[in-house]
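Here is how the chains run, residue by residue.
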Amino acid sequence: MSQSSKNTPIIQKDGIRQLLMEKTPFGFVYKNFFKRFTIVQSLVIWTWKRSFPTIMFLLVKLTKIALSFPIVGLATIARERVELAAEEKVLTPVPEVYPKRLAIRCPSPHEAYIFPAIYRTEISNFRIRGASNFLIGHDYIVHHDLFRAKYDYTSEELNGRMLISVRKKLACIFSFSNSDEMPVDTIEEAAVFTDAVSQNYAHFMTEILPRIQMFVSGMQSDMPLVIDAGLHTNLMAAIRLIVGKDRQLIELATGQEILVKNLWVMSVCGYVPFERRPGTESLAGHSQGVFSPVALLSMRDALRSSLQLSTEAHSTVAGGRKIFIRRNSGYRNVVNSQDIENALVARGFEVVEPEKLTFAEQVALFSSAAVVVGATGAAFANLIFCNPKTRIIIMIARMVNTSYYYWQNIACACGNRVIYVLGEGKDAALRSIHSDFCVSVEDVLSAIDAPEDIENTAISRAITR
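Everything numeric here is computed off the predicted structure, so don't read it as measured data.

Colleague: Got a minute to help me understand the overall build of the protein in this structure?
Modeller: Scanning the protein from N- to C-terminus turns up 13 helices and 24 strands. Going through the 465 residues of the protein one by one, you find that 54% of them count as buried. Across the protein, every contact between residues at least 6 apart in sequence was considered, and the portion connecting residues at least 24 apart equals 78%.

As structure tokens, this is what we get:
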């Protein structure tokens, strides 16, 4: 079942930023003549992030198309909760780094983190919106418990669909569906799993699908689930493996709203902020992601079971496959990737392009891997399916604001660990966390050949189920 987006106002669906790009002379000139220049693109984005709040506050003050609401956490309004998993401590040993002299570039933000208890709750008469995990009530807007407005910048803000005012503790949104001309569709009961980052494979596998798994594992099979429309075929296949072929899925287009009289909500099962909030670059304490071991492992076991992949058959990686992930992307590429690929193929590695595989093929591939090598990217969310002895080697640029512990935090929650090979960013004057970079072939081979780190491996395996 898919909700139509034809009645969704374009400003609510696409946001102000897209309108400026598509409908103004400035947007035309920028897209056609200047966007290809990195320094211009960076300047435009910097300007947008700092000017959008003023634009939104003026719309709230002078028009009726934008409204402001106080923002509160889910735990604040969840009167009755069903706890599904207790809080967990996840140990996060320092990852191995090559070349070893650069290990100091990956400072540890913590030796461990505590993931909060996971619960299910019901709330009444809330609107949910496609491509958003904010829940819109009559008097306030609800965010999940790990969202910290002071630090976390949202995809909706970047695209100009909503604004978070940290100082005023308000959320400003476009809202047309309260009018008589455009009444909001209403359903009696459903569970919500929409999210602004649901289209991204890594966010989906570590934040959204684990919540779906935790919900359906203890809920009646006839409860409808609201998800985002337009998900990739592989993501839809993953959902169906978890929920079964008969459960009703309500697909909600970006910006499209429905009112749910009795709304079931799962607390967060994993989270990493979309971006740092502008102006907070000097602040300490930014999250590099936290993830629930019980949720990730429950999801992994459920997927393996649905695909009839025996857990026992994948308990060892002796004789397992050696995989090199070829990255096909417009950014964060390894400029000497072909040299690395040639060296690894000579050692018996097979080259894979995960985006060309079905979801089932990706699960089977990573479940059977002895060694995985590749550049940082969403494909590494599949490390969830790797086993504790799998050597997971991630090539990543050496940058000041790189979140080195993102992959390590995911891996440790699954009983795994990662090894980083640091590379030098291209175009030093204009480099960013999304810049291409170069990695030493010798460093990659050293990471492959290095003896196993017994201490770190023992720590990471302690959490394996």
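This is not the end of the story, as more comes after the structure.
Colleague: What should I look at first to understand the side chain of Asp443 in this one?
Modeller: One can find Asp443 in helix α12 (residues 441-449). Salt bridges are absent for the buried Asp443, whose nearest opposite-charge side chain, Arg101, sits at 6.0 Å. Among residues more than four places away in sequence, those in contact with Asp443 are Tyr98, Pro99 and Val421.

Colleague: For this particular structure, what's the right way to read a negative patch on the surface?
Modeller: On the surface, Glu80, Glu122, Glu189 and Asp222 cluster together into a patch of negative charge. Relative to the helices and strands, Glu80 is located in the loop between α4 (74-77) and β2 (81-85). Judged by relative accessible area, which is 66%, Glu80 ranks as exposed.

Colleague: Explain the packing of helix α6 (residues 201-216) against helix α7 (residues 233-243) to me, please; I cannot follow it from the model alone.
Modeller: The packing of two helices is summarised by the inter-axis angle and the distance between the axes. Two elements in contact, α6 and α7, have axes whose closest approach is 10 Å; the angle formed by their N-to-C orientations is 20 degrees. Taken as axis vectors, α6 and α7 run roughly parallel relative to one another. As α6 runs across α7, the sense of the crossing is right-handed. Residues Tyr201, Phe204, Leu209, Ile212, Gln213 and Val216 of α6 form the contact with α7, whose participating residues are Leu235, Ala238, Ile239, Ile242 and Val243. The class makeup of the residues in the contact of α6 with α7 is 10 nonpolar, 1 polar and no charged.

Colleague: It is not clear to me how the pattern of salt bridges should be interpreted in this structure. Could you clarify?
Modeller: Oppositely charged side chains can pair when the atoms bearing their charge come close. Scanning the entire structure with this criterion turns up 14 salt bridges. The shortest N-O distance in the salt bridge between Arg127 and Glu257 comes to 2.8 Å. Taken together, the residues Arg127 in strand β6 (residues 118-129) and Glu257 in strand β15 (residues 257-266) connect sequence positions 130 residues apart. The residues Arg127 and Glu257 share a single accessibility class, namely buried. A salt bridge links Arg326 to Glu341; the shortest N-O distance between them is 2.6 Å. Here Arg326, found in the loop between β19 (321-325) and α9 (337-345), pairs with Glu341, found in helix α9; they are 15 residues apart in sequence, far enough to count as distant. What makes Arg326 partly exposed here is its relative accessible area of 29%. Taken together, the salt bridges that share partners define one network made up of Arg326, Glu341, Glu353 and Lys356.

Colleague: Is there a simple way to think about the packing of aromatic side chains in this case?
Modeller: Aromatic ring pairs: the centre-centre distance and the angle between the two ring planes describe each pair. On inspection of all chains with the given rule, the structure shows 11 aromatic pairs. Look at Phe215 and Trp264: their rings are 6.4 Å apart centre to centre, the planes differ by 65 degrees, and that puts the pair in the edge-to-face class. In this pair, Phe215 is assigned in helix α6 and Trp264 in strand β15, connecting sequence segments 49 residues apart. Phe215 gets classed as buried once you look at its relative accessible area, which sits at 0%. Given a relative accessible area of 11%, Trp264 falls into the buried group. Joined through ring pairs, the aromatic side chains of Phe291, Phe380, Tyr406 and Trp407 make up one cluster. Over the ring of Tyr119 we find Arg81; its NZ or CZ atom is 4.8 Å from the centre of that ring. In this structure, Lys168 is placed above the aromatic ring of Phe57, and the distance from its NZ or CZ to the ring centre is 4.8 Å.

Colleague: Even after reading the chapter, I still don't get the pairing of β6, so can you show me in this structure?
Modeller: Every regular strand shows the same layout, with side chains that alternate between the two sheet faces. Among the 12 residues that make up β6, 9 are buried, leaving the element largely enclosed by the rest of the structure. Relative to β6, β2 is paired through 4 bridges, and the arrangement is antiparallel. Directly across from Glu83, in β6, lies its bridge partner Tyr119. Across 2 bridges, β6 lies against strand β7 (residues 135-136) in antiparallel orientation. The residue bridging Ile128 from the neighbouring strand is Leu135, located in β7.

Colleague: Which parts of the structure should I look at to understand the side chain of Thr154?
Modeller: One can find Thr154 in the loop between β9 (152-153) and α5 (155-158). If sequence neighbours within four positions are ignored, Thr154 has contacts with Phe134, Phe147 and Phe274.

Colleague: Please clarify how the environment of Ile45 should be interpreted in this entry.
Modeller: Its place among the elements puts Ile45 in helix α3 (residues 38-62). Residue Ile45 is classed as partly exposed on the basis of its relative accessible area of 27%. Taking C-alpha positions, Ile45 is 8.6 Å from Leu158, a pair spaced 113 residues apart along the chain.

Colleague: What am I meant to see in α9 here?
Modeller: Structurally, the α-helix is built with 3.6 residues per turn, so residues lying three or four positions apart point the same way. Of all the residues in α9, the buried ones are Ser337, Ile340, Glu341 and Leu344. End-on view of α9: buried residues confined to an arc of 100 degrees, all on one side of the axis.

Colleague: I tried to follow the packing of α6 against helix α8 (residues 293-306) on my own but got confused; where do I start?
Modeller: Where α6 meets α8, the closest approach of the two axes is 9 Å, and the angle between their N-to-C directions is 75 degrees. Between α6 and α8, the crossing angle belongs to the class labelled roughly perpendicular. Across the interface between the two elements, Met205, Thr206, Leu209, Pro210, Gln213 and Met214 of α6 pack against Val294, Ala295, Leu296, Ser298, Met299, Ala302 and Leu303 of α8. Within the contact of α6 with α8, the residues separate by chemical class into 10 nonpolar, 3 polar and no charged.

Colleague: So what exactly am I meant to see when it comes to the nonpolar core here?
Modeller: Soluble, globular proteins show a tendency: their nonpolar side chains are buried together. Among the nonpolar cores identified, the biggest contains 88 residues, and Met205, Leu209, Ile212, Phe215, Ile239 and Trp407 are the most heavily contacted of them. With near-sequence residues (within four places) excluded, Leu209 lies in contact with Phe204, Ala238, Ile239, Ile242, Met299 and Leu303. Judged by nonpolar contacts, the second largest core, of 24 residues, contains Phe324, Val373, Met395 and Val421.

Colleague: I keep staring at unusual backbone geometry and nothing clicks. Help me out?
Modeller: Working note: non-glycine residues mostly have negative phi, and peptide bonds are mostly trans. Here Tyr98 and Pro99 are connected by a cis peptide whose omega angle stands at -5 degrees. Assignment of secondary structure puts Pro99 in the loop between β4 (96-98) and β5 (112-115). Phi is positive for Lys169, which is not a glycine, with a value near 55 degrees. When you line up the elements, Lys169 lands in the loop between β10 (162-165) and β11 (170-174).

Reading guide: rules and limits
- Residues numbered from 1 in each chain as written.
- Predicted model: local features only at pLDDT ≥ 70, side-chain atom pairs only at ≥ 80, totals over all residues.
- Heavy atoms only, no water.
- Helix = DSSP H or I, 4+ residues; strand = E, 2+ residues; numbered from the N terminus.
- Buried < 20%, exposed > 50% of the residue type's maximum accessible area, 1.4 Å probe, protein only.
- Contact = heavy atoms within 4.5 Å.
- Lys, Arg positive; Asp, Glu negative; His and termini not counted.
- Salt bridge = Lys/Arg side-chain N within 4 Å of Asp/Glu carboxyl O.
- Patch = residues over 30% accessible without salt bridge, like charges linked within 9 Å, V, L, I, M, F, W, Y side chains within 5 Å.
- Areas by Shrake-Rupley, 256 points an atom, 1.4 Å probe, with all protein chains shown as cover.
- Charge placed at Lys NZ, Arg CZ, Asp CG, Glu CD.
- Axes fitted to C-alpha atoms, helices over the stretch in contact; angles between N-to-C directions.
- Parallel < 35°, antiparallel > 145°, perpendicular 65-115°, else oblique.
- Left-handed = near helix turned anticlockwise from the far one by under 90°.
- Nonpolar A, V, L, I, M, F, W, Y, C, P; charged D, E, K, R; others polar.
- Phe/Tyr/Trp six-rings, centres within 6.5 Å; stacked < 30°, edge-to-face > 60°.
- Lys NZ or Arg CZ within 6 Å of the ring centre and 35° of its normal.
- Pairing = 2+ DSSP bridges.
- Arc of directions from axis to C-beta.
- Core = buried A, V, L, I, M, F, W, Y, C linked by side-chain atoms within 4.5 Å.

That's the geometry; what it means functionally is another story.
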